[in-house]
Amino acid sequence: MKERVFRALLKKELLEVIRSYKFYIFLTVLYSMFLEWFIVRNYVLIVKKNEGMYSIAASNLLRQSVGISLIYVAPMMITFIGNLFMIRNFIHDRFSGALIPLLSTGISTKFLWKVKLAASFLSGYAVFLVCIIANLAMMKFYFKIPILWSFYLIVTIFFISPIVSLSILAIFSVIYWTFKAAQIIASSLPNILVMSIWALVSKRPHVISLLKISTAALLISVILIGICSMIIGKLRRGLIAGVGK
Amino acid sequence: MNSGVIELSEVYKSFGQVEALKGISFEVRRGEVFSLIGPNGAGKTTTILTVLGYHEPDKGNVKVFGKDPSKEYTQMGEKTGIMIEKQGLFERLTGFEYLDLFAEVYGLQVEIKTKRIKDLLEIVRLSSRANDLIRTYSQGMKQRLCLARCLINKPELLVLDEPFSNIDPEGRRSLIEILSKIVQETKSSVLLTSHDLREVERISDRIAILNKGKIIKIGSSASLKFEGKTDVSIVIRLKPGNNEAVISRLFPNSNYDAEKKELRVNISNDEDRNRIIRLLIDNKITILSIYDDISTLEQAYFSLLGEEDLK
């Protein structure tokens, strides 16, 4: 029964997202390609400057660095586009009064939170996959750099980084359902986050220990999601529905 | 025993320094249409949100189907249909998709779901627009869709907050017709708030006047008119040939139109009406017809509010 309700609500959220944000999705893919182009172009310039021409070691380092740089596509893009979707799913629905009829059907606030978070994340993940495909195509056809794939890299790009993004979205969602000035927070938080990650990756990508940082990020993310879920369970129903004074 | 579907007893609710509800008590009986009327800020929406469990009272008891709505709301959901002032529609869905979503949430069986949605769309006259996005609907159509949504689970209780606001007179008339028909057919209990006193009078069994967080009066529309001390009179058409002298003697303070043969007498309750009719019959005066010429609920409402403000 709950699965059926979950599926129905998820379908509603996804339909709304697709119908509202087609243009933004297209822009986001372009944005991710621009960022990746900027980062990889810097690597190529550094390698060319230091080696004069590609040696095997430099070439491998470049292939590795380019692969690592893809790790940041998920936190950037899932967080960015997911947050955009959350402005509709969480904030707009709250202030338009749309949560009241839904919550009055008897579904719990926590259940609704899970659906909305899942919808924002899954839509973001779908856009992220498109971004990754577009970026890989750019590596192959524009830069002509074959990425040096490894198990850790694949797990980190497609699993750990998205989980990190999910935890960030979970934190945003709690903020959006707790504070009334959520719209201001909505516009500033992801920008700060994206800019920080961009600054980090473009300056010191080769220094980061992939395994350590991924494991730590995964653990912290899971803990954060758990904390967010607990907070949502404690919030007053009226506050979430946007009628709390 | 006719127990209340909704029971509020001495409910207080404050928001900071503002006392929104100051000890209100009422019950909505099974199958009854109960309306709350009052000026803006009287506490109508706070009452509705308290009944729905979105506000927890500071003091007093609220029971809906015998349960505390702020704690046991998951058990109320399937028996209740709600329509609030903010329509809160998902405007990027079509009308059909919107109703389908709620049908799924209420767990309607797949085989009856589509038929129910089609029937409801037919009732609220939206069948031809079922596959259009809600954002393209007029305000009246959106209100009717909200009504269809709150009926999808065949609720025992309808909670309607300002259902006639923001729609044109035609849309309002259409909505009230649909609502009256549904209430008659389903025998659902209804808790309604509205500023539209004419529509309230048409549909309500009992009405409560709320002002500054307190209930001033509760009763049927007729009893509120009596309590509001507004003019209520009956007009009796008499058969030509009756003894006019007798009529003048029997009703010295009344208004008798000799040309129309119409006698107009002020009354203050239903018993007065019966007494006058008996008096006429006892004096062998033949009655052709009788009708009430009563003031509107609006007059009674303002009269009662005025009295309250003078206190």
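Presented here is an overview of the structure given in this document. (Residues numbered from 1 in each chain as written. Chains lettered and ligands numbered in written order. Predicted model: local features only at pLDDT ≥ 70, side-chain atom pairs only at ≥ 80, totals over all residues. Heavy atoms only, no water.)

All names here are of chain A. Under the defined criterion, the tally for this structure stands at 18 aromatic pairs over all chains. With a centroid separation of 6.1 Å and 40 degrees between ring planes, the pair formed by Phe 172 and Tyr 176 is classed as tilted. Separated by four residues within a single helix, Phe 172 and Tyr 176 lie in helix α6 (residues 151-178), roughly one turn from each other. The two residues Phe 172 and Tyr 176 agree in class, both being buried. (Phe/Tyr/Trp six-rings, centres within 6.5 Å; stacked < 30°, edge-to-face > 60°. Helix = DSSP H or I, 4+ residues; strand = E, 2+ residues; numbered from the N terminus. Buried < 20%, exposed > 50% of the residue type's maximum accessible area, 1.4 Å probe, protein only.)

So, on to the environment of Ser 289 of chain B. All names here are of chain B. Within the element layout of this structure, Ser 289 appears in strand β13 (residues 287-294). Judged by relative accessible area, which is 26%, Ser 289 ranks as partly exposed. Placed 53 residues apart in sequence, Ser 289 and Ile 236 show a C-alpha to C-alpha distance of 5.8 Å. Ser 289 has contacts with Val 235, Ile 236 and Arg 237, leaving out every residue within four places of it along the chain. (Contact = heavy atoms within 4.5 Å.)

Residues and elements named next belong to chain B. Pairing in this open sheet of six strands is mixed, and the strands run β5-β6-β7-β3-β8-β9 from one edge to the other. Every other strand in the sheet has two partners, leaving β5 (80-83) and β9 (214-219) as the edge strands with one partner each. Across this sheet, the average inter-strand angle for adjacent strands is 15 degrees, counted without regard to direction. Two strands pair when backbone bridges link them, and β5 and strand β6 (residues 157-161) are joined in this way by four bridges, in the parallel orientation. When the bridges of β6 are listed, Met 83 appears paired with Leu 160. The strands touched by helix α5 (residues 139-151) are β5 and β6; relative to β5, the strand with the most contacts, the crossing angle is about 165 degrees. (Pairing = 2+ DSSP bridges. Axes fitted to C-alpha atoms, helices over the stretch in contact; angles between N-to-C directions.)

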